[in-house]
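# Per-entry structural report
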Amino acid sequence: MAQSFTPGSVDELVQAVEWAVAGSHPLELIGGGSKRALGRPMQAEMTLDLSAFSGIKEYQPEELQLTAGAATPLAEIEAVLEEKDQMLAFEPADYGALLGTRAGATLGGVLACNLSGPRRIKAGAARDHFLGFHAVSGRAEDFKAGGKVVKNVTGYDLCKLLAGSWGTLAALYEVSVKVLPAPERIRTVLIMGLDDARALTVLGDAMASAHDVSAAAHLPAALAARSAVPYISEAGTAITALRVEGIGPSVEARCTALRAMFAMHGEGEELHSMYSRSFWREIRDGSPFGGDARALWRVSVPPAEGARLIASLREQLVIEAYYDWAGGLVWLALAAGEDAGVEVIQTAAVAHGGHATLLRAPTQIRAAISVFQPQAPAVAALTARLKGSFDPSAVLNPGRMYPGV
Amino acid sequence: MPPPNQTTIDHRAEIAADLSALIGDAYVIADSASLKAFESDGLSAYRQMPMLVALPSNTAEVSQVLAYCAKRDVKVVPRGAGTGLSGGALPLADGVTLGLGRFNKILEIDYANRSAVVQPGVANLTISQAMDSAGFYYAPDPSSQIACSIGGNVAENSGGVHSLKYGLTTNNLLGVEMVLMDGEIIRLGGKQFDADGYDLLGLITGSEGMLGVITEVTVRILPKPLTVRALLMGFASNDAAGQCVAGIIAAGIIPAGLELMDKPAIHAVEEFCHAGYPLEAEAILICELDGPEVEVEELVGRVSEIAASCGATSARTSESEAERQRFWLGRKSAFSAAGRIAPDYYVMDGTIPRGRLSEVLNRISELSEEYGLAVANIFHAGDGNLHPLILFDANVPGELERTEEMGGEILKLCVAVGGVLTGEHGVGVEKRDLMGEMFSETDLKQQQRVKCAFDSEQLLNPGKVFPTLHRCAELGRMHVHSGEMPFPDLPRF
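Residues numbered from 1 in each chain as written. Chains lettered and ligands numbered in written order. Predicted model: local features only at pLDDT ≥ 70, side-chain atom pairs only at ≥ 80, totals over all residues.

### Overview of the overall build of chain A
For the record, the criterion: Secondary structure elements are taken from DSSP: a helix is a run of H or I of four residues or more, a strand is a run of E of two residues or more, and numbering for both begins at the N terminus. C-alpha atoms define the radius of gyration in this analysis, and the globule rule sets the expected value at 2.2 Å times the number of residues to the power 0.38. Between the buried cut of 20 or more and the exposed cut of 12 or fewer other C-beta atoms within 10 Å of a residue's own C-beta lies the partly exposed class, and all C-beta atoms are placed from the backbone. Here contacts are defined at the residue level, using C-beta atoms placed from the backbone and a cut-off of 7 Å between them.
The helix and strand tally for chain A stands at 14 helices and 18 strands. Taken against the 2.2 N^0.38 rule, which gives 22 Å for 405 residues, the C-alpha radius of gyration of chain A at 21 Å falls within 12% of a compact globule. For chain A, the proportion of its 405 residues judged to be buried stands at 61%. In chain A, of all internal contacts separated by at least 6 residues, the share reaching a separation of at least 24 is 72%.

### A look at the overall build of chain B
Across its full length, chain B carries 18 helices and 19 strands. Relative to a compact globule of 493 residues, whose C-alpha radius of gyration would be 23 Å, chain B shows 24 Å and is just as compact. Along the first, second and third principal axes, the C-alpha set of chain B runs to 65 × 65 × 65 Å. In chain B, which comprises 493 residues, the proportion classed as buried is 56%.

### Re the packing of helix α10 (residues 263–273) of chain B against helix α13 (residues 334–341) of chain B
Residue and element names in this part refer to chain B. Where we set the bar: Only the stretch in contact is used when a helix axis is fitted, and all axes are lines through C-alpha atoms; the angle between N-to-C directions ranges over 0 to 180 degrees. Here the angle decides the label: under 35 degrees means roughly parallel, over 145 means roughly antiparallel, 65 to 115 means roughly perpendicular, and every other value means oblique.
It is at 8 Å that the axes of α10 and α13 come closest, and there the two elements cross at 90°. In this view, α10 runs roughly perpendicular relative to α13, as classed from their interaxial angle. Residues Ala-265, Ala-268, Val-269, Phe-272 and Cys-273 of α10 touch α13, and the partners they reach there are Ala-334, Ser-336, Ala-337, Ala-338, Arg-340 and Ile-341.

### Describing the sheet that holds strand β2 (residues 52–54) of chain B
Residue and element names in this part refer to chain B. Rule in force here: Two strands qualify as a pair provided that DSSP identifies no fewer than 2 bridges between them.
With respect to topology, 4 strands assemble into an open sheet ordered β1-β2-β4-β3, the strand pairing being mixed. Looking along the sheet, the strands with just one partner apiece sit at the ends: β1 (28–29) and β3 (75–79). With 3 bridges connecting them, β2 and strand β4 (residues 95–99) associate as parallel partners. By the bridge assignment for β4, Ala-54 is matched with Leu-98.

### What about the pairing of strand β12 (residues 227–235) of chain B?
Residue and element names in this part refer to chain B. For β12, a buried count of 7 out of 9 residues is recorded, marking the element as mostly surrounded by other parts of the structure. The pairing of β12 with strand β15 (residues 314–317) spans 4 bridges and is classified as antiparallel. Counterpart to Leu-232 in the pairing with β15 is Arg-316.

### Here's the deal with the nonpolar core
Condition: For the purposes of this analysis, a nonpolar core is taken to be any set of buried Ala, Val, Leu, Ile, Met, Phe, Trp, Tyr and Cys residues that are connected through C-beta atoms within 7 Å.
Formed by 283 residues in total, the largest nonpolar core has its most connected members in Ala-171 of chain A together with Cys-244 and Leu-285 of chain B. Not counting chain neighbours up to four residues away, the residues in contact with Leu-285 of chain B comprise Met-233, Ala-241, Cys-244, Val-245, Leu-258, Glu-259, Leu-260 and Ala-381 of chain B.

### Concerning the interface of chain B and chain A
Often, the extent of an interface is quoted as the loss of accessible area on bringing the components together. For the record, the criterion: Throughout this entry, Asp, Glu, Lys and Arg are counted as charged residues, while Ala, Val, Leu, Ile, Met, Phe, Trp, Tyr, Cys and Pro are counted as nonpolar. The remaining residues, Gly among them, count as polar.
Across the contact, 85 residues belong to chain B and 87 residues belong to chain A. Per-element accounting of the side of chain B that touches chain A gives the leading share, 9 residues, to helix α17 (residues 441–454) of chain B. Grouping the amino acids of the side of chain B that touches chain A by side-chain chemistry returns 36 nonpolar, 32 polar and 17 charged.

### Observations regarding the domain arrangement of chain A
Residues and elements named next belong to chain A. For the record, the criterion: These domain boundaries are the output of an automatic or database domain assignment.
Segmentation of chain A into domains returns domain 1 (1–182 + 375–405), domain 2 (185–287) and domain 3 (292–368). Computed over C-alpha atoms only, the centres of domain 2 and domain 3 are separated by 23 Å. Tallying the contact residues gives 15 residues for domain 2 and 13 residues for domain 3. At the level of secondary structure, the elements contributing two or more residues to the side of domain 2 that touches domain 3 comprise α6 (196–208), β12 (213–219) and α7 (221–224). Element by element, the count of residues in the side of domain 2 that touches domain 3 is highest for α6, at 6 residues. Residues belonging to the side of domain 2 that touches domain 3 are distributed by class as follows: 11 nonpolar, 3 polar and 1 charged.

### Regarding the domain arrangement of chain B
Domain annotation for chain B reports domain 1 (6–99), domain 2 (106–223), domain 3 (227–416) and domain 4 (432–476). Spacing between the C-alpha centres of domain 1 of chain B and domain 3 of chain B amounts to 38 Å.

### Observations concerning the packing of helix α9 (residues 238–250) of chain B against helix α11 (residues 293–309) of chain B
Residue and element names in this part refer to chain B. As a reminder, the rule being used: Note on convention: near helix rotated counterclockwise from far helix by under a right angle means a left-handed crossing. Clockwise means right-handed.
Here α9 crosses α11 at 140°, and the two axes come no closer than 9 Å. With respect to each other, α9 and α11 are oriented oblique. In the crossing of α9 with α11, the sense of the turn from one axis to the other is right-handed. Contacts between α9 and α11 involve Cys-244, Gly-247 and Ile-248 on the former and, on the latter, Val-303, Ile-306 and Ala-307. Its residues assigned to classes, the contact of α9 with α11 shows 5 nonpolar, 1 polar and no charged.

### Some details on helix α9 (residues 248–261) of chain A
The following threshold applies: In this scheme, a helix's expected span is set at 1.5 Å multiplied by one less than its residue total. The arc in question is formed by the directions pointing from the helix axis toward the C-beta atoms.
Along its 14 residues, α9 of chain A runs 20 Å from first to last C-alpha, staying within 8% of the 20 Å computed at 1.5 Å per residue. Turning to α9 of chain A, its buried residues are Ser-250, Val-251, Arg-254, Cys-255 and Leu-258 of chain A. Within α9 of chain A, the buried residues cover an arc of 130° as seen down the axis, which keeps them to one side. Check the buried side of α9 of chain A and you find it contacts β11 (185–192), α6, β13 (239–246) and β14 (269–271) of chain A together with β14 (283–291) and α11 of chain B.

### Structural notes on the environment of Arg-187 of chain B
Residue and element names in this part refer to chain B. Among the structural elements, Arg-187 can be located in strand β9 (residues 185–189). Of the residues examined, Arg-187 has 17 C-beta atoms within 10 Å and is grouped as partly exposed. C-alpha separation for the pair Arg-187 and Leu-200, spaced 13 residues apart in sequence, amounts to 9.8 Å. Residue contacts for Arg-187: discarding those within four places in its chain leaves Gly-175 and Glu-177.

### Section: the environment of Glu-62 of chain A
Looking at the element boundaries, Glu-62 of chain A is found in the loop between β4 (56–60) and β5 (65–69). C-beta crowding within 10 Å serves as the criterion here: with 15 such atoms nearby, Glu-62 of chain A is assigned to the partly exposed category. The residues contacting Glu-62 of chain A, other than those within four sequence positions of it, are Ala-246, Ile-249, Ala-250, Arg-354 and Gly-355 of chain B.

### Structural notes on unusual backbone geometry
Residues and elements named next belong to chain B. One non-glycine residue, Asp-73, adopts positive backbone phi at about 65°. Inspection of the secondary structure puts Asp-73 in the loop between α4 (59–72) and β3. Even without being a glycine, His-274 presents a positive backbone phi close to 50°. The topology assignment puts His-274 in the loop between α10 and β14. Take His-274: there are 11 C-beta atoms within 10 Å of it, and that puts it in the exposed class.

### A few points about the sheet that holds strand β8 (residues 173–179) of chain B
Residues and elements named next belong to chain B. Read across the sheet, 5 strands follow the order β5-β6-β10-β8-β9 without closing on themselves; strand pairing throughout is antiparallel. The sheet is open, and its two edges are formed by β5 (106–110) and β9, each paired on a single side. Each adjacent strand pair in this sheet contributes to an overall mean axis angle of 10°, direction not counted. In this sheet, strand β10 (residues 213–220) lies alongside strand β6 (residues 115–118) in antiparallel orientation, the contact comprising 4 bridges. Of the residues in β10, the one forming a bridge with Val-118 is Val-217. Relative to β8, α4 is tilted by about 50°, and along the sheet it contacts β8, β9 and β10.

### Some thoughts on the environment of Asp-391 of chain A
All names here are of chain A. Here Asp-391 is to be found in the segment after α14 (377–390). Separated by 189 residues in the primary sequence, Asp-391 and Val-202 have C-alpha atoms spaced 46 Å apart. Once residues lying within four places of it in the same chain are set aside, the contact partners of Asp-391 are Ser-137, Gly-138, Thr-168, Leu-169 and Leu-396.

Structure representation (structure tokens):
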């Protein structure tokens, strides 16, 4: 177990990074610690525990903005938002259970890893809701970027750069996010018994309709059977799901329209609020693969490519998969073996216009293979230069994403 | 601006000849009559003749031109349609202005993946028109959408009246192809939702042409809403209009657009285009609602109730598409209308927290009196983006300077109430020297290091955004004071 610093103030955080820089001591950044098993494993000498930077600093519902310490538990934020009928519209995922930890996700953590749930296709990703931050860079400098308002083009958009940088550029300690009104009503239209290819056509057609679908997923029968939602697990067949949210009369009208649109595939079903919430939480958190130990990939492709990607992979590997983001996000599990099928999967991801990230695998596999899709040489070089511009001594989560980054 | 490099200027003829060899004689502009067309962008108060203009037609040519300029240490200023309002495309006396106007094709519309691949010189509105019959559109709609190019939109992260619900350019982009200053061609993103690695696509969006030259853009496209209606509401005070905005948001309604105009703006546009705005009102709000018919109908009712409870003095709901267009006509003609009532006008672009609206408008009227310059306010009220138009006469000695000073005061006010210097127009040269109002030297240096990672010699659009130029080598140095074990008095292990 590495030793740990827990700075209680920004000055102490700066001092901790100064110490690391002076002695070239790599630091592992943690907030809640729920994502330690994600990414490439690191040989950090010291853990930089940011948990003291917690608590909501400013929440003005009418400004649709919230500012909080980066290590504020997501659960705390969601509870406060719920009281005012608001939400983080990107539906932040919590992979704690998937990765076998009880540690809870933090706001800074989901932003730093840009982890978004099913509503990503309508509302955007975590990065789209990230308005501003304060952080300490690997140069041991306290700096800020962005602001607290949505419309802001003052200077480079470093929020985007920090979102998805996995703590390799700076230690976030305060973040501002956009929040949105929560929908008054949620329903999910279910279509039963489709194979992958036909299901993805349905998802695409639904997204191309004017019915403002806020989530679109497909679960094959074996994975549907693992759901905790009785309608899903007892259906005994594949489930294609379309979520509709908004004000009551609108939700009802759109559900009716969608069911009519896909009437040729059978009568269908509807999930109401509570079951809808449970079902989409399962899709969001990868729960269909929660109970097993297989290697798990998250593959991002153009939505119409999802089923084709899986069909081509099935020719070479024994895999199980489900689709979110209207087919644009494929969750794919297979026996970990020696290398989690990295070569075949990442090659196929690129061939289908996307990229694959290894979400879960034993440490030795994550240490040996490219957890993140390897980049084109020019992009990799630019990535390394950017890392150097924030963290020239490579003390912040070094090697978490790529060798040296 | 960085001091012009006299050696470069002395070799102008040779550089022109070399560029002609790369992209063709006809596409290198060197005569001063033709160069004049490029001397400013939409911020015409700033003018500078470029040394040369190059108009490449494909990515390979852009790459060759940039590689050549990098080798010769020649500065480059990228330019889209030249409609920008912050001087982002202001030329340099020793620089090549790189025009992307010949990149004017829509390459692919991929309905199955709800995306379109377009060249950067395509006008924003052209994208939506190309897919209109199929029932799709590209959401960001800056006021200049007839003319502004999508490449320029990426460079500036342009917004528009519908960004409240549908986001800015950055929220509607999937990928780009771009050329770095050394000529290297890179692709970021694609048609998938999330890019891998660092979000370089997000970083270059809004980077004002300083990190690379965009040569291809993939945008997300959306199905058109089934119904669109607008409400036109009059209020007896800015305060009441501001309360109505807060009330709508507090009720959990995110309209497609929510625009406010104050009395001077109302009168200016009414005279210009007879949109039918209530002349007795101190402020009007235009609230646009879109979606399924039943939803729009319900929300029209809810917004009308909120308006009434805030003391609206008039309220009309569009009953036809023609009427909706008429409501918007005044708002969309606001800049032209300002041009009619004053010899010159200066558009500001700050963002403030919505709740500070009436306070900021009141302070702007005070400033208006102090400086003796009339102001008309147009406001993307839904997302707090304020566009005061300062009316002036550039022929009156000192008036432009007074206008700029007053504009600076307004932007400082925006920052002081918790807002920002620019919501959608960019920093450019215009707001460059105000950056210190929002950012510390440390903040700005970190941004400049990002610039260095893309362009280590700072040849691409230098002199914009940052008030002080630093050499990359200087920025790269580390100054770490201590290396002592931190806070030893605290338990930590």
